[in-house]
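# Tertiary structure, described
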Amino acid sequence: EVAVKEGELAQLAELKLEWQAYRKTLSDVGVRLQKAKADFKDDLVSSLNAFNDQVSGMRTDFLRNAPFDAEVPSAKARELIAEYRGLATAVRTREKEMAAGLNIFSIEPPANKETAQTEKELDLLDQVWTMMDEWNSSVDGWKFGKFKDVDVTEIENVSQQFNKRVTKLGREPGVKGWKVTTSLQERVKAMT
């Protein structure tokens, strides 16, 4: 009983065609979305492989160039330790950045034991070099001080305390083979 205008009837006739076009667009977008997801996953896996290579490379470089030798000047050793700490921090940051993408695709993040081992060894190296600096400072004070001011009991006490600390540190796994630790132990034992 209501009169429908000609324009509205024309729009009604076009509605079915518009609906079909809309469904086709949704289908096309779905296909493109699946392709984009696949590309993203491929890029993520590629990034993960590059990350694993970076971690292995950093570990190899650390084992080759870290200040494990007592012949390295203390300032250079400190510089190397700081440099490798920065690299380890960068690896951890990259690891966190990748975690969200890995979770989307339910990919298990790598354990990254190499960086954990490097971080542990950096802490131990820092302790060894700190003790080396403390020992050298103490010895220099004894060597260059006035003979009348030398307190043999103090030297013996300090030497024994250092010997305990160095012996305890020398028991840590991995530290035993380091030349810097061996050198420090020998220097301290020569005074006790």
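Look above for the structure.
Residues numbered from 1 in each chain as written. Predicted model: local features only at pLDDT ≥ 70, side-chain atom pairs only at ≥ 80, totals over all residues. Heavy atoms only, no water.

### Some remarks on unusual backbone geometry
One can expect most non-glycine residues to show negative phi and most peptide bonds to be in trans. Positive phi, normally seen in glycine, also occurs at Ser106, with a value near 55 degrees. Here Ser106 shows up in the loop between helix H2 (74-104) and helix H3 (113-144). A relative accessible area of 68% means that Ser106 is categorised as exposed. We note that Asn112 has phi near 55 degrees; this positive angle belongs to a residue other than glycine. (Helix = DSSP H or I, 4+ residues; strand = E, 2+ residues; numbered from the N terminus. Buried < 20%, exposed > 50% of the residue type's maximum accessible area, 1.4 Å probe, protein only.)

### Quick look at the packing of helix H1 (residues 6-65) against H2
Two elements in contact, H1 and H2, have axes whose closest approach is 11 Å; the angle formed by their N-to-C orientations is 165 degrees. Judged on the interaxial angle alone, H2 and H1 are roughly antiparallel. Where H1 crosses over H2, the handedness of that crossing is left-handed. The segment H1 lies against H2, with Leu44, Ser47, Leu48, Phe51, Gln54, Val55, Met58, Asp61, Phe62 and Asn65 engaging Leu80, Tyr84, Leu87, Ala88, Val91, Arg94, Glu95, Met98, Gly101 and Leu102. Of the residues that constitute the contact of H1 with H2, the class distribution is 13 nonpolar, 4 polar and 3 charged. (Axes fitted to C-alpha atoms, helices over the stretch in contact; angles between N-to-C directions. Parallel < 35°, antiparallel > 145°, perpendicular 65-115°, else oblique. Left-handed = near helix turned anticlockwise from the far one by under 90°. Contact = heavy atoms within 4.5 Å. Nonpolar A, V, L, I, M, F, W, Y, C, P; charged D, E, K, R; others polar.)

### Structural notes on the nonpolar core
By size, the foremost hydrophobic cluster in this structure holds 28 residues, and its most contacted members are Phe62, Leu125, Trp129, Trp135, Trp178, Val180 and Leu184. The set of elements that each furnish at least two residues to this core consists of H2, H3, helix H4 (152-170) and helix H5 (179-191). A per-element tally of this core places H3 first, with 10 residues. Dropping the residues within four chain positions of it, Trp135 is found in contact with Trp142, Ser159, Phe162, Leu184, Arg187, Val188 and Met191. Counting residues in each nonpolar core, the second largest holds 10 residues, with Phe51, Val91, Met98 and Ile107 among its members. (Core = buried A, V, L, I, M, F, W, Y, C linked by side-chain atoms within 4.5 Å.)

### Quick word on the packing of aromatic side chains
Throughout the structure, instances matching the rule amount to 7 aromatic pairs. Aromatic pair Phe68 and Trp178: ring centres 5.0 Å apart, planes at 40 degrees, arrangement tilted. Here Phe68, found in the loop between H1 and H2, pairs with Trp178, found in the loop between H4 and H5; they are 110 residues apart in sequence, far enough to count as distant. Across the pair, exposure class does not vary: Phe68 and Trp178 are buried alike. (Phe/Tyr/Trp six-rings, centres within 6.5 Å; stacked < 30°, edge-to-face > 60°.)

### Quick notes on the packing of H1 against H3
Geometry of a packed helix pair, given as the angle between the helix axes and the separation of the axes. Interhelical geometry of H1 versus H3 gives an angle of 30 degrees and a closest axis separation of 9 Å. With respect to their mutual orientation, H1 and H3 come out roughly parallel. Here the hand of the crossing between H1 and H3 comes out left-handed. In contact with Val55, Ser56, Met58, Arg59, Phe62 and Leu63 of H1, H3 contributes Glu114, Thr115, Gln117, Thr118, Glu121, Leu122 and Leu125. Here the contact of H1 with H3 is composed, by residue class, of 6 nonpolar, 4 polar and 3 charged.

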